[in-house]
Amino acid sequence: MFTADAHCDTLYEIAVMQREGLRVTPESLAAGNVGLQVFAMFAGHEEEGRNFARARRMLAAMREFPIPLLAGSLPDAPPETPHAVLSIEGGDVLEGSLERLAELDGEARIRMIALTWNFENEIGHPASGGSNEGLKPFGFELLREMDGRGILADVSHLNEAGFWDAVERAALPPVASHSNCRWLADVPRNLKKEQARALIRRGGFIGINFYSNFLADGRDATLEDVVRHIDELMELGGEKAVGFGSDFDGMDRWPDGLGSPADLPQLLERLEKRGYAQSQIRDIAGLNLWRILKSAEATRRLPPRAS
């Protein structure tokens, strides 16, 4: 079964931290039937003037990673073997410049941008910061540019005011690439029920994050907790919106039995035992993410900007 994952931090671990023992490898992706992995170029910890340079290093690392990068148009059908596409986690990477975006997108095709990470930037404010302010002027300018390029606005790290700005102002459906249900695990990084409903109404996407802290309050999470978050989003009408946003290689606590892409078939088996139909499981496993990426790509137009 085609499986897709909307978020991992593997490139940062390779290019910046230079760590080994990664969770996301060609072997683990193949074992989990992951046909499409979204690799994030992660802004990392706040260091002015170094974010774009780090992104360039991560792009170089992606070119060395031994699976194909889909840097042009996506194929008509989901790939049967592991392939990669790129996102940005933390618009700090762009350093306030649309030219930076044009450079990265022109070279490797950016599919989504998480507008903030855990720090305020030129775009907006993070979920973890407590700000009630919305997107900044450059944030709205960036949204318009992203719409023209067919790049999805990722609200996973954005504060509530910025979230609603993105929902109301982005032409493309916003996504939460790796966020869960806040009413099940009360952390700022998770979505409130009205936020989840808004993404579903807009035709967006919500990728379930496998980090234990975002799945269960104050205890180690289990596979059952992952299914519980999926159940809740399905109850809200998210049948065509729910998928996976693992956060592999960006976390230190995951559910027992779900420590790498190779374990994803176990999660799909759990959904089957729960009573989900095969068509529903196929959508959750990967087709929901695939469809929104294809739909966004179809809007790509890139009109010349006035000088």
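Notes on the structure in this doc start here. (Residues numbered from 1 in each chain as written. Predicted model: local features only at pLDDT ≥ 70, side-chain atom pairs only at ≥ 80, totals over all residues. Heavy atoms only, no water.)

## A word on the nonpolar core
1) Next: Counting 86 residues, the largest nonpolar core has Phe39, Met41, Leu104, Phe210 and Ile230 as its most contacted members.
2) Next: Core analysis: the next-biggest nonpolar cluster, separate from the first, contains 18 residues, Leu172, Phe205, Trp290 and Leu293 among them. (Core = buried A, V, L, I, M, F, W, Y, C linked by side-chain atoms within 4.5 Å. Buried < 20%, exposed > 50% of the residue type's maximum accessible area, 1.4 Å probe, protein only.)

## As for the layout of surface pockets
1) Next: When its volume is computed, the largest pocket comes out at roughly 570 Å³.
2) Next: Lining the largest pocket are 27 residues; nearest its centre among them are Asp9, Trp117, Asp249, Gly250 and Met251.
3) Next: Considering only residue class, the lining of the largest pocket consists of ten nonpolar, seven polar and ten charged.
4) Next: Roughly 240 Å³ of volume is contained in the second largest pocket.
5) Next: Top element by residues in the lining of the second largest pocket is helix H6 (residues 160-169). It accounts for three residues.
6) Next: Partitioning the lining of the second largest pocket into residue classes produces eight nonpolar, seven polar and three charged. (1 Å grid on protein atoms, 1.4 Å probe; cavity = no way out; pocket = protein on both sides within 12 Å on 5 of 7 lines; lining within 4 Å. Points joined across faces, edges and corners; volume = space filled by probe spheres on them. Nonpolar A, V, L, I, M, F, W, Y, C, P; charged D, E, K, R; others polar. Helix = DSSP H or I, 4+ residues; strand = E, 2+ residues; numbered from the N terminus.)

## Side note on the pairing of strand S3 (residues 83-89)
1) Next: The element S3 is extensively covered by neighbouring structure, given that seven of its seven residues are classed as buried.
2) Next: The alternating pattern of S3 places His83, Val85, Ser87 and Glu89 on one face and Ala84, Leu86 and Ile88 on the opposite face, and all of these are buried.
3) Next: One ladder, built from seven bridges, connects strand S2 (residues 34-42) with S3; its direction is parallel. By the bridge assignment for S3, methionine 41 is matched with isoleucine 88.
4) Next: With four bridges joining them, S3 and strand S4 (residues 110-114) adopt parallel strand pairing. Bridging from a neighbouring strand, serine 87 pairs with methionine 112 of S4.
5) Next: Assessed by its sense of winding, the connection that carries the chain from S3 through helix H4 (residues 98-108) to S4 is right-handed. (Pairing = 2+ DSSP bridges. Right-handed = clockwise from strand over helix to strand, strands pointing away.)

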